[in-house]
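# A closer look at the structure
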Amino acid sequence: MDEADRQLVHEVRSQLDGWTTSARSEAYTELFEGDDPILSTEELRLLDAVDSLLERHGGDGVWGTDQYGVHADSSGPASDSLGIVCVYHPQVTRDSVLRGVDDLDDRTEERINAALWTYAERVTDIIERELDEYLGRD
């Protein structure tokens, strides 16, 4: 990777936080507040309760813990090979919520974790769209 490619990667990384913030908002609205939400109202309430419980016990919660990175394929110029990858998908387990959430049975845990995976992948897609626009790729 030459100096121009390294500079481009640096520029893209400097944009990543802003793109991530707006992509999270867009993905949340689309997946959890739209006409056909991927979780029921009760499941979303439970997920929010888990998030609050984790935060109250000194953790990071669930929302906003997903992490994204820039990757580059070294086979060509960075402008053609840069992409976005989710490097951490949030997940909840009964063990992670300590106590206070009795409604988290196996089926609900699986549905919530599948929804969180879908959410993080959708955020990745939205950030990738921002990256393509930034680089002038179609």
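Presented here is an overview of the structure given in this document. Because the structure is predicted, anything quoted here is derived from the model rather than measured.

## Structural notes on the nonpolar core
Core analysis: the largest hydrophobic core is formed by 35 residues, its most contacted members being Phe32 and Leu47. Listing elements by their share of this core, those giving two or more residues are helix 1 (3-33), helix 2 (41-56), strand 1 (67-72), strand 2 (82-88) and helix 4 (106-135). In contact with Phe32, other than residues within four places in its own chain, are Ala27, Pro37, Ile38, Leu39, Leu44, Trp63, Ala115 and Tyr119.

## A closer look at a nonpolar patch on the surface
A cluster of nonpolar residues, Val85, Val87 and Tyr88, forms a patch on the protein surface that exposes about 250 Å² of accessible area. By secondary structure assignment, the location of Val85 is in strand 2. Residue Val85 is classed as partly exposed on the basis of its relative accessible area, which comes to 34%.

## A word on the packing of helix 1 against helix 4
Where helix 1 contacts helix 4, the two axes come as close as 7 Å, and the packing angle between them is 135°. Between helix 1 and helix 4, the angle falls in the class oblique. Relative to helix 4, the crossing made by helix 1 is right-handed. Here the residues of the contact of helix 1 with helix 4 sort into 17 nonpolar, three polar and seven charged.

## A word on the environment of Tyr119
Examined against the element boundaries, Tyr119 turns out to sit in helix 4. Residue classification places Tyr119 among the buried residues on the basis of a relative accessible area of 3%. Residues Tyr119 and Ala23, spaced 96 residues apart in sequence, show a C-alpha to C-alpha distance of 10.0 Å. Discounting residues that sit within four places of it in the chain, Tyr119 has contacts with Arg24, Ala27, Tyr28, Leu31, Phe32, Trp63 and Asp66.

Scoring rules and cut-offs
- Residues numbered from 1 in each chain as written.
- Predicted model: local features only at pLDDT ≥ 70, side-chain atom pairs only at ≥ 80, totals over all residues.
- Heavy atoms only, no water.
- Core = buried A, V, L, I, M, F, W, Y, C linked by side-chain atoms within 4.5 Å.
- Buried < 20%, exposed > 50% of the residue type's maximum accessible area, 1.4 Å probe, protein only.
- Helix = DSSP H or I, 4+ residues; strand = E, 2+ residues; numbered from the N terminus.
- Contact = heavy atoms within 4.5 Å.
- Patch = residues over 30% accessible without salt bridge, like charges linked within 9 Å, V, L, I, M, F, W, Y side chains within 5 Å.
- Areas by Shrake-Rupley, 256 points an atom, 1.4 Å probe, with all protein chains shown as cover.
- Salt bridge = Lys/Arg side-chain N within 4 Å of Asp/Glu carboxyl O.
- Axes fitted to C-alpha atoms, helices over the stretch in contact; angles between N-to-C directions.
- Parallel < 35°, antiparallel > 145°, perpendicular 65-115°, else oblique.
- Left-handed = near helix turned anticlockwise from the far one by under 90°.
- Nonpolar A, V, L, I, M, F, W, Y, C, P; charged D, E, K, R; others polar.

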